[in-house]
2 protein chains.
Amino acid sequence: MPADAIRRAESALTARGRATRERIVSTAAQLMHEHGVAGTSLDDVRAGTDTSKSQLYHYFVDKSALVQAVVERQVQLVVAAQQPELDELDSLAALYRWRDRVVAVNSGRACVGGCPLGRLASELAEDDPQARAAVAAGFERWRERLTAGLRAMQARGELAGDADPDRLALAVLGAAQGGLLLAQTARSVAPLEAALDLALDGIRAHLGPGSAAVAGRHVPAGPSSRLGE
Amino acid sequence: MPADAIRRAESALTARGRATRERIVSTAAQLMHEHGVAGTSLDDVRAGTDTSKSQLYHYFVDKSALVQAVVERQVQLVVAAQQPELDELDSLAALYRWRDRVVAVNSGRACVGGCPLGRLASELAEDDPQARAAVAAGFERWRERLTAGLRAMQARGELAGDADPDRLALAVLGAAQGGLLLAQTARSVAPLEAALDLALDGIRAHLGPGSAAVAGRHVPAGPSSRLGE
DNA sequence: CCAACAGTGGACCGGTGGGTCCAATTCCCG
DNA sequence: CGGGAATTGGACCCACCGGTCCACTGTTGG
């Protein structure tokens, strides 16, 4: 995988070096999440990491190389943040727990920034083909986790046999992204909740014989849980 | 509404002036859709419109004032592009026609650029409060069109009485936005189709007694219509 | 027909951003 | 301990960008 050809991936890199590099990527990720890639100058990164210009170019050939590293980091963080729920995403109840987690995380930061990956996606998609590919791969990894869960549900008969887990997972991810974007714009979690709930309503429409609650209410509190504005 | 306090909204502005201003906004909108706001310099706009620097500042006090005008234009265009379907969006079949239209439009431009509003939203949300508000208002207008249709369905009993048209419309819009973003990133319309189909599956779960097809298939061709990659 | 004002052209400016360079310093390891 | 590589500091360069300014040209109505 040439993704790590950002610079000196082979050898070198002592413990100190790795720490510095990590500090740079971490801070850059934070800044780019809040102000966008274009809105984050290398000077901002330098100031925020207590490093010098030469160090940035010591660890990354380019600004775009730094961006690449940031993308990979965000993919890792985003997926990791949902690890607990994603690990056992194999029932409708689990999907709702995941929904709650996504809502809670976003709510916790007052809908600021939206999804880090989403922001990178829309900003880089048309400008940096390599970055676009990296983001796409990240979404793919995320989706695979959802797919795996749906497939497990299907194996147990909770999901109908003719349902397409890949396609459903893609749709659920889409609902999350769109909800996140609208939530960020409206500064309210309501759109996120609505989008995820409707997607899960859609999933319920694909339940199979293994589930006793096709018409039942797995939903926490119906359409009442509308917080935020 | 002080939204038009961009510059000389009151009087002045001859026919020629209006044409020039229009040309500037139109080109800027195009460029910003493709390259983002930050990625579009005033020089780019100048070059693309055969105008001079002074004209930009003659019609707009700021770059952000130009952005404001671009946002308003895009809102108008996006909603207008769906006028035919949005005008009679009052049945499940109409919703599917709308879905097909959205997919077709995006497919027609090879998923490049995604949704113009979505792009502006994620880029401006954290940097320009006024622009964020304008985009939010745009999404609101878009959503109202969807809400109106769902309300009509509800009045006819096709949609269940306890369904919340506002919330459902918000969710459908979210599905569209997310699908558009993933489609742009993956360069395939599949995510958009999947997201919209699942949302409409969700809507079907809220159908009322006035619809004879609660379990029926209003869907064009099931999950088979998967074009693009 | 000519004054007044909308519209236009384009040189210019200060700040900033990405990127280069080289010398100094620290660290690892034989 | 000593030398070579990893690491760091920061001055410097230049292109570009948003924004200013002023002189010029149409146009229009009294």
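Here the structure is a predicted model, which means the values were calculated and not measured.

On to the overall build of chain A. From N to C terminus, chain A includes 10 helices and 0 strands. The secondary structure elements of chain A, listed N-terminal to C-terminal, are α-α-α-α-α-α-α-α-α-α. Burial analysis of chain A (229 residues in total) assigns 44% to the buried set. In chain A, once contacts between residues fewer than 6 apart in sequence are set aside, the share between residues at least 24 apart is 69%.

Turning next to the nonpolar core. Membership of the largest hydrophobic core comes to 124 residues, with the highest contact counts inside it found for Ala175 and Ala199 of chain A together with Ala175 and Ala199 of chain B. Apart from residues no more than four positions distant in its own chain, Ala199 of chain A is found in contact with Ala171, Val172 and Ala175 of chain A together with Ala175, Leu198, Ala199 and Gly202 of chain B.

Each copy of the sequence occupies a distinct position, and chain A is placed on chain B by a rotation of 180° and an axial shift of 0.0 Å, giving an RMSD of 0.1 Å. One copy is carried onto the other by what is essentially a two-fold rotation axis. When the interface residues of chain A are mapped onto chain B, 100% of them are again interface residues, pointing to one common binding face.

Another point: the protein's contact with DNA strand C. Taken together, 23 residues surround DNA strand C, and among them Ser41 and Lys63 of chain A together with Gly17, Ser52 and Ser54 of chain B come closest. Listed by contribution, the elements that provide at least two residues to the surface near DNA strand C are helix H1 (15-35), helix H2 (42-49) and helix H3 (53-59) of chain A together with helix H1 (15-35) and helix H3 (53-59) of chain B. Top element by residues in the surface near DNA strand C is H3 of chain B. It accounts for 4 residues. Per-class residue counts for the surface near DNA strand C are 5 nonpolar, 11 polar and 7 charged.

Bringing the interface of chain A and chain B into the picture now. Accessible area lost on assembly of the parts is the figure often given for the size of an interface. At the interface, 49 residues of chain A touch 49 residues of chain B. When residues of the side of chain A that touches chain B are assigned to their parent elements, the largest contribution, 16 residues, is made by helix H9 (residues 165-186) of chain A. In terms of residue class, the side of chain A that touches chain B is made up of 24 nonpolar, 14 polar and 11 charged.

Next up on the list: the protein's contact with DNA strand D. Around DNA strand D sit 21 residues, and of these Gly17, Ser52 and Ser54 of chain A together with Ser41 and Lys63 of chain B come closest. Among the elements of the structure, H1 and H3 of chain A together with helix H2 (42-49) and H3 of chain B are those that each provide at least two residues to the surface near DNA strand D. When residues in the surface near DNA strand D are grouped by element, the largest group, 4 residues, is from H3 of chain A.

Residues and elements named next belong to chain A. The end-to-end C-alpha distance of helix H6 (residues 92-108), which contains 17 residues, comes to 24 Å, matching closely the 24 Å that a straight helix rising 1.5 Å per residue would cover. Among the structural elements, helix H5 (83-87), H9 and helix H10 (190-204) are those in contact with the buried residues of H6. Backbone geometry just downstream of H6 places Ala110 in the positive-phi region, at approximately 55°.

Let us now look at the packing of helix H4 (residues 63-81) of chain B against helix H8 (residues 129-155) of chain B. Residues and elements named next belong to chain B. It is the contact of H4 with H8, at a shortest axis distance of 10 Å, that shows an interaxial angle of 10°. Our classification of the angle between H4 and H8 gives roughly parallel. Residues Ser64, Val67, Gln68, Val71, Glu72, Val75, Val78 and Val79 of H4 pack against Gln130, Ala131, Ala134, Val135, Gly138, Arg141, Trp142 and Arg145 of H8. Each residue belonging to the contact of H4 with H8 can be placed in one class, and the counts come to 9 nonpolar, 4 polar and 3 charged.

In this section: the environment of Tyr57 of chain A. Within the element layout of this structure, Tyr57 of chain A appears in helix H3. Separated by 15 residues in the primary sequence, Tyr57 of chain A and Leu42 of chain A place their C-alpha atoms 10.0 Å from one another.

Now for the confidence of the model for chain A. For chain A, per-residue confidence averages 89 on the pLDDT scale, and residues scoring 70 or more make up 87% of the total. Below a pLDDT of 50 lies the segment residues 214-229 of chain A, which in the model reaches 21 contacts outside its immediate sequence neighbourhood of four places, other chains included.

Across its 15 residues, H10 of chain A extends 21 Å between first and last C-alpha, which sits within 8% of the 21 Å expected from 1.5 Å per residue. Counting buried residues in H10 of chain A gives 15 out of 15 residues, a clear majority hidden from the surface.

Here the focus is the packing of H9 of chain A against H10 of chain A. Residue and element names in this part refer to chain A. In the contact formed by H9 and H10, the axes pass within 7 Å of each other and the chain directions differ by 165°. Taken as axis vectors, H9 and H10 run roughly antiparallel relative to one another. Handedness of the H9/H10 crossing: right-handed. Facing Leu168, Ala171, Val172, Ala175, Ala176, Gly178, Gly179, Leu180, Leu182, Ala183 and Ala186 of H9, the residues of H10 in contact are Pro191, Leu192, Ala194, Ala195, Leu196, Leu198, Ala199 and Ile203. Considered class by class, the residues forming the contact of H9 with H10 number 17 nonpolar, 2 polar and no charged.

Right, let's get into unusual backbone geometry. Most peptide bonds take the trans form, and the phi angle of most residues other than glycine is negative. A positive phi is found at Ala110 of chain A, a non-glycine position, where the angle reads about 55°. Along the chain, the position of Ala110 of chain A falls in the loop between H6 and helix H7 (116-124). Even without a glycine there, the phi angle at Asp50 of chain B is positive, about 55°. Within the secondary structure, Asp50 of chain B sits in the loop between H2 and H3.

It is worth spelling out the environment of Thr185 of chain A at this point. Here Thr185 of chain A lies in helix H9. The buried category is assigned to Thr185 of chain A, around which 27 C-beta atoms lie within 10 Å. Discounting chain neighbours no more than four positions away, the residues touching Thr185 of chain A are Ala121, Ala125, Arg132, Val135, Ala136 and Phe139 of chain B.

Cut-offs used in this document
- Residues numbered from 1 in each chain as written.
- Chains lettered and ligands numbered in written order.
- Predicted model: local features only at pLDDT ≥ 70, side-chain atom pairs only at ≥ 80, totals over all residues.
- Helix = DSSP H or I, 4+ residues; strand = E, 2+ residues; numbered from the N terminus.
- Buried ≥ 20, exposed ≤ 12 C-beta atoms within 10 Å, placed from the backbone.
- Contact = placed C-beta atoms within 7 Å.
- Core = buried A, V, L, I, M, F, W, Y, C linked by C-beta atoms within 7 Å.
- Least-squares fit on C-alpha atoms with pLDDT ≥ 70 in both.
- Near = placed C-beta within 6 Å.
- Nonpolar A, V, L, I, M, F, W, Y, C, P; charged D, E, K, R; others polar.
- Expected span 1.5 Å × (residues − 1).
- Axes fitted to C-alpha atoms, helices over the stretch in contact; angles between N-to-C directions.
- Parallel < 35°, antiparallel > 145°, perpendicular 65-115°, else oblique.
- pLDDT = per-residue confidence, 0-100.
- Left-handed = near helix turned anticlockwise from the far one by under 90°.

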